Amino acid sequence: LLVTVMPAGALWAGVTVGLTVLVLFLSAHVSALATIPASVLGYASVFAFLLGDPAPHAHLTKEALMTAGPANAFIAVGASMVVGAVLGLASGKLGAALGKG
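To keep things clear, this report deals only with the structure shown in the data block. Computed from a predicted model, the values in this text were never measured in an experiment.

Details of the overall build of the protein chain
Within the protein chain, the regular secondary structure consists of 4 helices and 0 strands. Reading the helices (α) and strands (β) of the protein chain from amino to carboxyl end gives α-α-α-α. For the protein chain, the proportion of its 101 residues judged to be buried stands at 16%. When contacts within the protein chain are restricted to residue pairs at least 6 apart in sequence, those whose partners lie at least 24 apart make up 38%. As displayed, the protein chain has an accessible area near 7,000 Å², and 76% of this comes from carbon and sulfur atoms.

Considering helix α2 (residues 36-51)
The end-to-end C-alpha separation of α2 is 22 Å, in line with the 22 Å expected for 16 residues at 1.5 Å each. Among all positions in α2, only Ser39, Tyr43, Val46 and Leu50 are buried. Projected onto a plane normal to the axis of α2, the buried residues spread over an arc of 70° and lie on a single side. Turned more than 90 degrees away from the buried face of α2, the exposed residues are Pro37, Leu41 and Ala48.

What to know about helix α4 (residues 73-100)
An ideal rise of 1.5 Å per residue puts 40 Å on 28 residues; α4 measures up with 40 Å between its terminal C-alpha atoms. What α4 keeps buried is the set Ala73, Ala76 and Val77. The backbone nitrogen of Phe74 has a side-chain oxygen 2.9 Å away, supplied by the residue at the start of α4, namely Asn72.

What about the packing of α2 against α4?
Across the interface, α2 lies against α4 with an axial gap of 9 Å and an inter-helix angle of 120°. Classed by the angle they form, the pair α2 and α4 counts as oblique. Remark: the crossing between α2 and α4 carries right-handed chirality. Two secondary-structure elements touch here, α2 through Leu41, Gly42, Ser45, Val46, Phe49 and Leu50 and α4 through Ala73, Phe74, Ala76, Val77 and Met81. Of the residues in the contact of α2 with α4, the class split is 9 nonpolar, 2 polar and no charged.

What to know about the nonpolar core
One finds Val46, Leu50, Leu60, Leu65, Ala73 and Val77 forming the largest nonpolar core, which totals 6 residues. Of all elements in the fold, only α2 and α4 reach the threshold of two or more residues within this core. Excluding residues that lie within four positions of it along the chain, Ala73 makes contacts with Val46, Phe49, Leu50 and Gly78.

Reading the values: rules and limits
Residues numbered from 1 in each chain as written. Predicted model: local features only at pLDDT ≥ 70, side-chain atom pairs only at ≥ 80, totals over all residues. Heavy atoms only, no water. Helix = DSSP H or I, 4+ residues; strand = E, 2+ residues; numbered from the N terminus. Buried < 20%, exposed > 50% of the residue type's maximum accessible area, 1.4 Å probe, protein only. Contact = heavy atoms within 4.5 Å. Areas by Shrake-Rupley, 256 points an atom, 1.4 Å probe, with all protein chains shown as cover. Expected span 1.5 Å × (residues − 1). Arc of directions from axis to C-beta. Polar contact = N/O pair within 3.5 Å; in protein donor to acceptor, adjacent residues only side chain to side chain. Axes fitted to C-alpha atoms, helices over the stretch in contact; angles between N-to-C directions. Parallel < 35°, antiparallel > 145°, perpendicular 65-115°, else oblique. Left-handed = near helix turned anticlockwise from the far one by under 90°. Nonpolar A, V, L, I, M, F, W, Y, C, P; charged D, E, K, R; others polar. Core = buried A, V, L, I, M, F, W, Y, C linked by side-chain atoms within 4.5 Å.

Okay, structure coming up:
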């Protein structure tokens, strides 16, 4: 929600990313959050979704971020990661089965 209240502009975008990455890395001292590559993947995926829409800042509204639907970055990205993991697992099992034959 921080991105919805920050002033527009490249300077503030850089400051916001810098501060959130600092918090991301400092939170790695908590054992449940200690895997920095996974945290960076989640961070990058969410912001790619937020900034990837052709309509400028369509997903960067408080309404979009608070909705319980596919416009919410956390729901859309989370569902995409789960589907991708399931498809990756299925692909691995299919490859192993085909390799045995």
